[in-house]
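Chains, contacts and geometry: an overview
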Amino acid sequence: QVQLVESGGGLVQPGGSLRLSCTASGFTFRNHRMSWYRQAPGKERELVAYITTADGITNYADPVKGRFTISKDNAKNTVYLQMNSLKPEDTAVYYCMTRLIWSDVWGRGTQVTVSS
């Protein structure tokens, strides 16, 4: 069964940090690009970051550049999103995603709330 399961979300103060994890199963993780998206209430889903396969090339959306870092551990079939200097506008449900031959696969999401 192909699955992506996110974890690590929670409530954090502005300026704080969280690390999200997404553990994959059911496909060859190391051969697929992994992405993080987020969606705030009433807003469109937006790409946050992605990381490529063996080379590990990364890309980030402008609002998170310099604050977020995406990485992966192929041995654990896990992709991470380290989030530093969090702002209230980072509040959203965060989803990991990958594209397989037959479909896009999404996790169920993990809530990140940045508030005092």
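Cut-offs and rules
- Residues numbered from 1 in each chain as written.
- Predicted model: local features only at pLDDT ≥ 70, side-chain atom pairs only at ≥ 80, totals over all residues.
- Heavy atoms only, no water.
- Helix = DSSP H or I, 4+ residues; strand = E, 2+ residues; numbered from the N terminus.
- Buried < 20%, exposed > 50% of the residue type's maximum accessible area, 1.4 Å probe, protein only.
- Contact = heavy atoms within 4.5 Å.
- Lys, Arg positive; Asp, Glu negative; His and termini not counted.
- Charge placed at Lys NZ, Arg CZ, Asp CG, Glu CD.
- Disulfide = S-S within 2.5 Å.
- Pairing = 2+ DSSP bridges.
- Axes fitted to C-alpha atoms, helices over the stretch in contact; angles between N-to-C directions.
- Salt bridge = Lys/Arg side-chain N within 4 Å of Asp/Glu carboxyl O.

Here's the deal with the overall build of the protein chain
Along the protein chain, the regular secondary structure elements total zero helices and eleven strands. Taken over the C-alpha atoms alone, the protein chain extends approximately 40 × 25 × 20 Å along its principal axes. Across the 116 residues in the protein chain, those meeting the buried criterion constitute 41%. Within the protein chain, contacts between residues at least 6 apart in sequence are counted, and of these 52% link residues at least 24 apart. Here the protein chain holds 13 positive side-chain charges and 9 negative ones, and the gap between their average locations is 4 Å.

Here we look at the state of the cysteines
Evaluated as defined, the whole model comprises one disulfide. There is a disulfide in this structure between C22 and C96, and the S-S distance comes to 1.9 Å. The disulfide joining C22 to C96 has a torsion of about 55° about its S-S bond and is therefore right-handed. With a gap of 74 residues between them, C22 in strand β3 (residues 18-25) and C96 in strand β9 (residues 92-99) connect regions that are remote in the sequence. Side by side, C22 and C96 carry an identical accessibility label, which is buried.

Description of the sheet that holds β3
Pairing is antiparallel in the open sheet, where four strands are placed in the order β1-β3-β8-β7. Edge positions in the sheet fall to β1 (3-7) and β7 (68-73), since each has one partner strand and no second. Between one strand and the next, the sheet's axes are offset by a mean angle of 15°, whatever the strand orientation. Of the pairings in the sheet, the one linking β3 to strand β8 (residues 78-83) comprises six bridges and is antiparallel in character. Bridge pairing links L18 to M83 in β8.

Some points on the pattern of salt bridges
The tally for this structure, following the rule as stated, stands at five salt bridges. The closest approach of N and O atoms between E46 and R38, which form a salt bridge, is 2.6 Å. D90 is the salt-bridge partner of R67, the closest N and O atoms lying 2.7 Å from each other. One end of the pair, R67, is in the loop between β6 (58-60) and β7; the other, D90, is in the loop between β8 and β9, and 23 residues separate them in sequence. Given the relative accessible area of 11%, R67 is considered buried. On the basis of relative accessible area, D90 is assigned to the buried category, the value being 0%. Each of R38, E46, R67 and D90 takes part in salt bridges that share partners, so that together they form one network.

Read these as spatial facts, not as claims about activity.
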